[in-house]
Amino acid sequence: MKLQDIELPMLRMPHPVRLNPYLPVLRQETETWAREMGMLTGDETPAARPIWTRSQFHAMAVDQLTAWTLPDASLVGLRLNHRFNLWALAWDDYFAAAFKQTGDLAGAQAFTARLHAFLPPDPGARLPEPVNAIEKGMADLQQSLFPPRLAHWRQGLNRALARYIDAGVQELVNSRAGRVPDLIEYAQFRRESFAAYTAPYSVELATGARIPERIRHTRTVRALLDAFMDYMGLANDIASYQREVNDEYDVNNLVVVLETSLGITVQEAMHAAADLISARLRHFEHLIRSELPPLVRKTGLDQAEQAELEAWLRGARSFLSGLHAWYTGAPRYAPVSGAVPVQRASAPGAGADAPYRA
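Treat the numbers as computed from the prediction; the structure is a model and nothing was measured.

**Some points on the overall build of the chain**
Link 1 in the chain: Of regular secondary structure, the chain possesses 15 helices and 2 strands.
Link 2 in the chain: Looking at the chain residue by residue over its 358 residues, the buried ones come to 54%.
Link 3 in the chain: Taking contacts inside the chain between residues at least 6 apart in sequence as the whole, the part at least 24 apart equals 75%.
Link 4 in the chain: When the accessible surface of the chain is totalled, it reaches about 15300 Å², and 54% of it is carbon and sulfur.

**Some remarks on the nonpolar core**
Link 1 in the chain: The biggest cluster of nonpolar side chains holds 112 residues, and the ones touching the most others in it are M39, W87, F228, W312 and W326.
Link 2 in the chain: Per-element tally for this core: the top contributor is helix α14 (residues 266-299), with 13 residues.

**Some remarks on empty space enclosed by the protein**
Link 1 in the chain: Scanning all chains against the criterion turns up 2 cavities of 30 Å³ or more.
Link 2 in the chain: When its volume is computed, the largest cavity comes out at roughly 520 Å³.
Link 3 in the chain: Taken together, 35 residues form the lining of the largest cavity, with A88, L89, Y164, F194 and A195 sitting closest to its centre.
Link 4 in the chain: Of all the elements, helix α4 (residues 75-100) adds the most residues to the lining of the largest cavity, at 8 residues.
Link 5 in the chain: Classifying every residue of the lining of the largest cavity gives 17 nonpolar, 9 polar and 9 charged.
Link 6 in the chain: In this structure, the second largest cavity occupies an estimated 40 Å³ of space.
Link 7 in the chain: Lining the second largest cavity, in full, are T69, L70, P71, D72, A73, A206, T207, G315 and S318.
Link 8 in the chain: Residue composition of the lining of the second largest cavity, grouped by class: 4 nonpolar, 4 polar and 1 charged.

Cut-offs used in this document
- Residues numbered from 1 in each chain as written.
- Predicted model: local features only at pLDDT ≥ 70, side-chain atom pairs only at ≥ 80, totals over all residues.
- Heavy atoms only, no water.
- Helix = DSSP H or I, 4+ residues; strand = E, 2+ residues; numbered from the N terminus.
- Buried < 20%, exposed > 50% of the residue type's maximum accessible area, 1.4 Å probe, protein only.
- Contact = heavy atoms within 4.5 Å.
- Areas by Shrake-Rupley, 256 points an atom, 1.4 Å probe, with all protein chains shown as cover.
- Core = buried A, V, L, I, M, F, W, Y, C linked by side-chain atoms within 4.5 Å.
- 1 Å grid on protein atoms, 1.4 Å probe; cavity = no way out; pocket = protein on both sides within 12 Å on 5 of 7 lines; lining within 4 Å.
- Points joined across faces, edges and corners; volume = space filled by probe spheres on them.
- Nonpolar A, V, L, I, M, F, W, Y, C, P; charged D, E, K, R; others polar.

Given below as structure tokens:
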């Protein structure tokens with residue numbers, strides 16, 4: 001079935017998208033860092049560019065993505081997250097062109113092993129000399145993560161990034177072997193391959209709030225973070241289906257996983273994927289409304305801790321609504337002509353961005 005014959009489900013998003021007021025500043029400087037890192041040139045000839053041409057770069061609307069997902073961030077926090085977003089997309093596009101499209105597993109493994117040296121657990125560790133735009137970008141980001149207040153953030157982010165780049169190699173292994181992941185396996189794997197484990201740190205940086213330590217490792221909070229991360233990567237699988245499956249011949253996509261695991265058509269798999277993604281968002285909201293309040297009372301969080309938790313949750317909801325807006329509006333994910341978006345019914349009561357209350 002051609003993509004033009006597929007109805008593309010539109011995922012529900014009950015939370016309104018908001019825009020960071022520093023977007024104009026970000027837009028003015030958005031090319032500067034990418035050029036300095038060697039990710040972008042002004043030459044429109046693809047063979048002459050490191051990763052993107054100027055038109056490709058602006059079509060991604062990464063500045064808009066950052067401003068949508070982090071509407072409350074300071075300019076400093078917004079700029080740092082923006083550079084991270086640029087780096088993650090540069091890695092994704094570079095890895096796809098250099099290794100996925102060529103099937104070069106040995107090259108991918110060597111590239112990834114070397115990149116690990118740019119993710120040290122010790123902030124004082126000496127980094128290798130960068131030899132490409134990806135390494136140069138990561139080395140520059142590490143320099144920005146030195147302030148003491150970001151110590152835990154930096155260590156957690158680097159661990160998440162290590163999982164992200166390792167997942168790229170596993171995706172290539174799957175594609176080379178034609179091995180479609182099992183559905184249960186894929187749900188966990190997608191958090192890694194989408195870099196979803198980095199998102200809680202972005203929310204922290206944007207809001208200045210952390211999930212209180214007393215509840216951070218409880219079953220409820222772990223389940224909430226899982227649902228938060230699942231929406232991101234699994235929703236991306238619908239938005240990027242054409243690019244990943246039709247253009248890159250990738251098997252690491254929720255629609256393909258459901259089609260293969262359940263023995264259904266692509267169209268049926270599209271709708272099944274949309275239902276699963278919506279269920280993860282409903283579970284995220286259920287945990288906030290029904291399971292967090294008794295947990296807060298049981299653990300005796302004080303007012304300051306509760307306020308910090310509320311701020312983080314508002315930031316997480318904004319992050320999801322911003323991603324949703326980007327998936328449905330950026331040219332990187334725009335549906336091809338002829339593909340018909342289909343709006344799935346929202347759950348009863350959807351639309352209210354009710355704050356967490358203990």
